[in-house]
Structures are given as structure tokens and as C-alpha cells.
Amino acid sequence: MRRMMSAIVALVLLAAPAAYAVQPDEIMSDPVKEARARDLSRELRCMVCQNQSIDDSDAPLARDLRLLVRERIAAGDSNAQVLDFLVARYGEFVLLKPRFERQTMLLWLLAPLLLAGGGFALWRQNRRRARVGADIPQPPLTPDEQARLAALMSEDAASR
């Protein structure tokens, strides 16, 4: 019974639509423009929360940015013009996914370069370890060890 209740609660939570921070008084009357505003809002970072889009954030600054996006769309700006306006005003940090430009090249390339460098270091360490192991001479077996080895090999041959 307890499992069934847990499953029902999980289904209800999964089926519930995502909660957005957009207030009813912010919504534009034109559904096409509202859809554009929502798309742009998902691309913009809340400067207070920093890991949320302004579409998901309840912060007052996020509300101001949502209203500014809707204001620019109502004025006839394209999506690119709205983003350019906000980047000029708040900097590249306002974008959740920064553009690939000269200033952000290190941000985009640092992770792949670190991954490649780590792979190269592991490969080199593995080669060094294999070379060191091959250079060490193994001492010869004692007569007792040779007798045990011969006994084990004869048992293995007999079991086949």
C-alpha cells in the first residue's frame, strides 16, 4: 500500500507542469510574442540566482529583466536585438550559454583542453609504469619454488 501511494505521488509530481515565476500581469496579450519572450527568458541568467533563468526565478531583478524583454519585443526588436541590448547593458554574464567569441574562448575550450591533458598524462604515466616494470630484473626461483611450480603445472596438465 505504501509503495502504491509513493508511486501515485511520484506520478502526480511528474505530470504537474513546470512552475514558472512569470506573473499573470507580465504575460503579453499576443501569444506569439509571449512565446518569443518565454524563449528569450530561458536563455537569460538571473543575476541574483545565477544558476537559474529569469523565466524560473522569483527575484525582483529577474522580474525586471522579464519586463524589459517584453518591452523590447513589444517595441519590435528581434530576438538577436533583444539579446544584444541586454548583453550591452549587463555584459556577457547575462547569457546562460555565452557566445563563442574571443573573450569567451577560454571558457569554451578549457574543459576539453583539461580533459585531453588529463588523458595524455594518464597515457604517459601508464607507459612509464610499464617501462619501469620491464626494466626490473626478476630474481631466479629458489629450488623450493621451482618444485612447487612443477607440482602445480603437473596438476594442471593432469586436470586437462
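The rules we used
- Residues numbered from 1 in each chain as written.
- Predicted model: local features only at pLDDT ≥ 70, side-chain atom pairs only at ≥ 80, totals over all residues.
- Heavy atoms only, no water.
- Helix = DSSP H or I, 4+ residues; strand = E, 2+ residues; numbered from the N terminus.
- Expected span 1.5 Å × (residues − 1).
- Buried < 20%, exposed > 50% of the residue type's maximum accessible area, 1.4 Å probe, protein only.
- Contact = heavy atoms within 4.5 Å.
- Core = buried A, V, L, I, M, F, W, Y, C linked by side-chain atoms within 4.5 Å.
- Arc of directions from axis to C-beta.
- Patch = residues over 30% accessible without salt bridge, like charges linked within 9 Å, V, L, I, M, F, W, Y side chains within 5 Å.
- Areas by Shrake-Rupley, 256 points an atom, 1.4 Å probe, with all protein chains shown as cover.
- Salt bridge = Lys/Arg side-chain N within 4 Å of Asp/Glu carboxyl O.

Enquirer: I'm lost on helix α3 (residues 60-74) in this one. Help?
Expert: Over its 15 residues, α3 runs 21 Å from end to end, which matches the ideal 21 Å to within 8%, given 1.5 Å per residue. Buried residues of α3: A62, L65, R66, L68, V69, R70 and I73, and no others. Looking at the buried residues of α3, the elements they touch are α2 (31-43) and α4 (79-90). The first or second residue beyond α3 is G76, which carries a positive phi of 100°.

Enquirer: Just checking my understanding: could you explain the environment of R38 for this structure?
Expert: Counting through the fold element by element, R38 comes out in helix α2. According to the relative accessible area criterion, R38 is buried, its value standing at 16%. Placed 17 residues apart in sequence, R38 and D55 show a C-alpha to C-alpha distance of 6.8 Å.

Enquirer: So what exactly am I meant to see when it comes to the nonpolar core here?
Expert: The nonpolar side chains of soluble globular proteins are, as a tendency, buried together. Within the largest apolar cluster, 18 residues are counted, with the highest numbers of intra-cluster contacts made by L44, I54, V69, I73 and L86. Sorting the residues of this core by element identifies α2, α3 and α4 as the ones contributing at least two each. If you tally residues by element for this core, the top one is α3, at five residues. Non-local contacts of L86, meaning those with residues more than four positions away in its chain, are made with L44, L65, L68, V69, G91 and V94.

Enquirer: Got a minute to help me understand α4 in this structure?
Expert: For an α-helix the count is 3.6 residues per turn, leaving residues at separations of three or four pointing the same way. With 12 residues, α4 ought to run about 16 Å at 1.5 Å a step, and its terminal C-alpha atoms sit 16 Å apart, in line with that. Looking only at α4, the buried set comprises V82, L83, L86 and V87. Mapping the buried residues of α4 onto a view down its axis gives an arc of 130°, with all of them on the same face. The first or second residue beyond α4 is G91, which carries a positive phi of 90°.

Enquirer: Would you explain a nonpolar patch on the surface in this entry?
Expert: Together, F100, M105, L107, W108, L109 and L113 make up a nonpolar patch on the protein surface, roughly 600 Å² of accessible area in all. Its location among the elements puts L107 in helix α5 (residues 105-135). In this structure L107 comes out as exposed when scored by relative accessible area, which is 55%.

Structural measurements only, silent on function.
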